[in-house]
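Residues per chain are reported as follows:
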Amino acid sequence: MYEAGRYDVIVIGAGHAGVEAGLAAAKRGAKTLMLTLNLDLIAFMPCNPSVGGPAKGVVVREIDALGGQMGKTIDKTHIQMRLLNTSKGPAVRALRAQADKVLYQQEMKRVLENQENLTLRQGMVEELLVEDGAVKGVKTETKACYYADQVIVTTGTFMRGKVLIGDIEYQSGPNNQRPTITLSEQLDDLGFDIVRFKTGTPMRVNSHSIDYSKTEIQPGDEVPRAFSYETTEYILDQIPCWLTYTGEVTHQIIDDNLAKSAMYSGAERGTGPRYCPSIEDKIVRFNDKPRHQVFLEPEGRQTDEVYVQGLSTSLPEYVQKEMLETVPGLENAEIMRAGYAIEYDAVVPTQLWPTLETKKVDGLFTAGQINGTSGYEEAAGQGLMAGVNAAAKALDKETLILDRSQAYIGVMIDDLVTKGTDEPYRLLTSRAEYRLLLRHDNADLRLTDIGYDMELIPDERHERFNHKQELIEAEIKRLSEVRLKPTDDVQQTIQDKGGSPLKDGVLAVDLLRRPEMTYETIVQLAPRDHELPVEVEEQVEIQVKYEGYIKKSNQQVDKMRKMENKKIPENLDYDDVDNLATEARERLKRVRPLSVGQASRVSGVNPADVSILLVYLEQGKHAKVAANE
Amino acid sequence: MEQDTIAAISTPLGEGAIAIVRLSGDEALAIANHVFSNKDLTQVDSHTIQYGTLVDPKTDEKVEEVMASVMKAPKTFTREDIVEINCHGGMVSVNRVLQLVLRYGARLAEPGEFTKRAFLNGRIDLSQAEAVMDLIRSKTDRAMSLALKQMDGRLSQLIRDLRQQLIETVAHVEVNIDYPEYDDVEEMTNELLKERAQNVKNEVHTLLRTAKQGKILREGIGTAIIGKPNVGKSSLMNILAHDDKAIVTEVPGTTRDVIEEYVNVRGVPLRLIDTAGIRETEDIVEKIGVERSRQALQDADLILLVLNGNEPLTEEDRALFEAAKDLDAIAIVNKTDLNQQINMDEVREVAQGSPVITTSLIEEQGIDELEQAIADTFFDGEVDQGDLTYVSNVRHIQLLEQANEALDDALESMEMGMPLDLVQIDITRTWELLGEIIGEDVSESLIDQLFSQFCLGK
């Protein structure tokens, strides 16, 4: 054993959570060490080669607005990008990119290497150094001891990871990397509640062996797009994905071999996510469906591996082969890597404070899949928050908790620490009650100031952002002052758009509220004397058109905030609060919510319990006043 | 949270000479004033009592004659603005007043909430905090068991069905959003969503209507027997109220100088209005007539208009029909035992679609038909009281009314061509409101629905 150095923050793992954690901590000024099993697999994508999608894509933008890295890197390394839900409302639009996996890793590694305050090192952490309920550092298997009072664990699916293919099973992290065994055992010993979750991935096949003529092309958008608000250079040379389908014969093969699937063999297994079912699950649960979609997604520009999205499976390899032979275009497909299921240990996330610090061990943070989530974006979002907060604790700076109206990241963390999760957790737009406020288009407006306060956004970017805000406000003000008269020109334009003619003069802003009107049309009628960036125009249009709904949401947020602002002391003894229902008391003792608002979201806590809690807290306040008098 | 205005009945449930509905909160004065005629309550001095009439501003319907005590913050029980509305005792009038203020912006108080506010606003001293918490607990438990008792099994089933319809619709919209490439499910369209929202709205509407039937079952149908002198009103009265069926409650009213009698006709309770008037004056032929009957009409849900078959239709009869139009009425052509002089076609014409029954009350003929007609008028023929699904709890009615409004908002947004994911906000709201009625947890069920309804994965 040797003493290998002292840091403010140590990050274990360099996946999507670890990367953002390390960068955020270092940017805040904390001397940060990142330890990873394999430096060649930084920000590795063990499952699908894509970033974003509904809700998740908004998270990537939120990470960007908070000064994180994911958006910037995918902007540089994607092979195609699409804006989804363009026919729907602004609240649910989202970007998704297909990644060049290898380029993504290389780019991330380079960013980490160039980050000030950040040390990157290969090594397997064997043990957390914990003294008197506080973390003091880590020890690697090569007997190096690194010291820090804040440690962030981002071990993904590596904790007691076990790969399952048919009746074959072996201890392993994803993609045959070495699993982490001792860390999981130690967390167990420290008294953490651990759950066993499962996820899976499909086979990869060689592109040369695919007959694309039997599939449908799925191109990216022609309009160049980007996740990051900072990106100015766009990738124009895009690579398409392809779509094909399973059929009755495929389903028959799966059905005949179901008992051979690791997940259907009858053995006790971890809980898998419903939103990411294996092909076996799809056949069993929806046996009336004649076909299922299969997307063929290239894994990069420099490789011929193609990800067979939709066929996630733990069937034996030879059945996987048989199955593929029945899918149009894949009849002769060569499997390069077989699909598998992977089981792993996760920490029950109600054991965390909303800062992602564990309640049991002071200074110990967890982020990403270890907290029971799945998805690169979910992991990255948590990583950033854990990094910000670990650095805050190390340097005695302000911590950051985002609420449910500020960010999907806030929704996710609140869900995790307040309600926990029974299956690997994925963000969905329906989890956000203020979805209209948590838009893809306004992530910067919501979070850039916060990122700036957390020292993650440089001055120069903040100034650009302030300027954008001013332009938006000025343009809305202008439209609120310009009155359009019912001239022939105006009437004609309105009629061309299918609207009913004006009876009287109208404010430009009110005309824009009509369903058939767009900002573009309004500007024709009320010309401005200067050019505006597209994203400013977009904001003006959305903010004006949906003002009614936005106001309604904001009213709900105000109500929610009142309850969030009623703080509960961390050490409140719920046994002292008479009259709480027994179930509510038990749940509250476990979750230890930090506000009455959070308490009200703990399952099993009803409005009467919340009232009683309010009265109890008020009593304490009065008592304090009385004691001081 | 503490700023919204709450309302509740503050006097014990049951019959008393007066009852009080109390409002507390920033909007207490404004809400009370909105439904109060005679005076501007926002302008009167604090701690004064005002006489006036409560009127529903939407329908102009007179609800109650009341006294309103106006007490402005901070010298009040809760340290908020308080209005106490003193109305006539008995569940009928006090519930009507409560529902009126709830309709115009107040929220039904949670158990013990006035006391809780008094405490949180520093009105009650520290030593009483324990008592406040006890009160909240015990009142909540009692209110919950009461609400459960009031919740008919069929009603909760019905609400569950409606919620299921809504959540399937919402899940459908959600799946389009979260899985835009998933081609197995048709894209939810504006038309489809509209159709579904309209369906649920119809059901909610029916529930609110049956809430009225529920009210009728509890309060009785205000029934006025009208007609010219000597047509048989008194006999009809006596037959309906024949001894073993009659529940006679004497309510010496304070504003209406009437005596009401309750009779039960095939499970339908009738509250016979101004029966005293009929009894007293039936013999004094010259004193009764159209004027007297018109007064009885004011308070009636059902009109029994009695005609003498032994003589032709008179102008007086026609005037009575005119007075009863727009109300549920049944025309009774009496005295079939005598020579028929009345022209039945003419009667049907002036009855304008109201049922026409022929009787001989003296010989007790046609009584069955009459009772059936009464039952049909209010319960579409289904008179079995035990079988009727109805909403009676004030909180439930308020939630249904809010659900109704949310559905209106959703339908309006669709008219305006708003994107579905915005329309869906109000649909989800409706689903949540209905969930509150049956006390169902909302948190995970949408996501459960999403994954049980659709086969997803990306």
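Here the structure is a predicted model, which means the values were calculated and not measured.

**Student:** Describe the packing of aromatic side chains, listing the residues and the values that go with them.
**Tutor:** Residue and element names in this part refer to chain A. Applying the stated criterion across every chain, the model contains 2 aromatic pairs over all chains. Look at Tyr7 and Tyr146: their rings are 6.3 Å apart centre to centre, the planes differ by 50°, and that puts the pair in the tilted class. With Tyr7 in the loop between strand 1 (2-6) and strand 2 (9-12) and Tyr146 in strand 10 (residues 144-147), this pair connects stretches of sequence that are 139 residues apart. For the pair formed by Tyr7 and Tyr146, the shared burial category is buried. Above the ring of Tyr245, the side-chain terminus of Arg291 is found at 3.6 Å from the ring centroid.

**Student:** So what's going on with the pairing of strand 6 (residues 94-99) of chain A? Residues and values would help.
**Tutor:** Residue and element names in this part refer to chain A. Of all 6 residues in strand 6, 6 are buried, a share of seventy percent or more. Residues Ala94, Arg96 and Gln98 point to one face of strand 6 and Leu95, Ala97 and Ala99 to the other, with burial holding for every one of them. Two strands pair when backbone bridges link them, and strand 4 (residues 50-52) and strand 6 are joined in this way by 3 bridges, in the antiparallel orientation. Looking at the pairing, Ser50 lines up with Gln98 of strand 6.

**Student:** For the sheet that holds strand 10 of chain A, give the residues involved together with the corresponding values.
**Tutor:** All names here are of chain A. Reading across the sheet, the 4 strands line up as 1-10-9-8 and stay open at both edges, with mixed pairing between neighbours. Of all the strands in the sheet, the pair left with one neighbour each is strand 1 and strand 8 (125-131). Strand-to-strand twist in this sheet, taken as the mean axis angle between neighbours without regard to direction, amounts to 25°. Of the pairings in the sheet, the one linking strand 1 to strand 10 comprises 4 bridges and is parallel in character. Across the sheet, residue Glu3 finds its bridge partner in strand 10, namely Cys145.

**Student:** Report on unusual backbone geometry, specifying residues and quantitative values.
**Tutor:** Residue B:Pro74 is reached from B:Ala73 by a cis peptide bond, and omega for that bond is 5°. When you line up the elements, B:Pro74 lands in the loop between strand 4 (61-71) and strand 5 (82-88). Even without a glycine there, the phi angle at A:Asn117 is positive, about 70°. Tracing the backbone through its elements, the reader meets A:Asn117 in the loop between helix 4 (101-114) and strand 7 (118-122). Relative accessible area serves as the criterion here: at 35%, A:Asn117 is assigned to the partly exposed category.

**Student:** Describe in detail the nonpolar core, supporting the description with residues and values.
**Tutor:** Ranked by internal contacts, the top residues of the largest apolar core, which has 71 residues, are A:Ile152, A:Leu402 and A:Ile409. The greatest single-element share of this core, amounting to 9 residues, is contributed by helix 9 (residues 376-395) of chain A.

**Student:** Could you give an account of the pairing of strand 11 (residues 150-153) of chain A, naming the residues involved and the relevant values?
**Tutor:** All names here are of chain A. On strand 11, burial covers both faces: Gln150 and Ile152 on one face and Val151 and Val153 on the other are all buried. Alignment of strand 2 against strand 11, held across 4 bridges, turns out to be parallel. Residue Val11 lies in a different strand from strand 11, and its bridge partner there is Ile152. As judged from the 3 bridges shared by strand 11 and strand 22 (residues 364-366), these two strands associate in the parallel manner. By the bridge assignment for strand 22, Val153 is matched with Thr366.

Cut-off values and rules
- Residues numbered from 1 in each chain as written.
- Chains lettered and ligands numbered in written order.
- Predicted model: local features only at pLDDT ≥ 70, side-chain atom pairs only at ≥ 80, totals over all residues.
- Heavy atoms only, no water.
- Phe/Tyr/Trp six-rings, centres within 6.5 Å; stacked < 30°, edge-to-face > 60°.
- Helix = DSSP H or I, 4+ residues; strand = E, 2+ residues; numbered from the N terminus.
- Buried < 20%, exposed > 50% of the residue type's maximum accessible area, 1.4 Å probe, protein only.
- Lys NZ or Arg CZ within 6 Å of the ring centre and 35° of its normal.
- Pairing = 2+ DSSP bridges.
- Axes fitted to C-alpha atoms, helices over the stretch in contact; angles between N-to-C directions.
- Core = buried A, V, L, I, M, F, W, Y, C linked by side-chain atoms within 4.5 Å.

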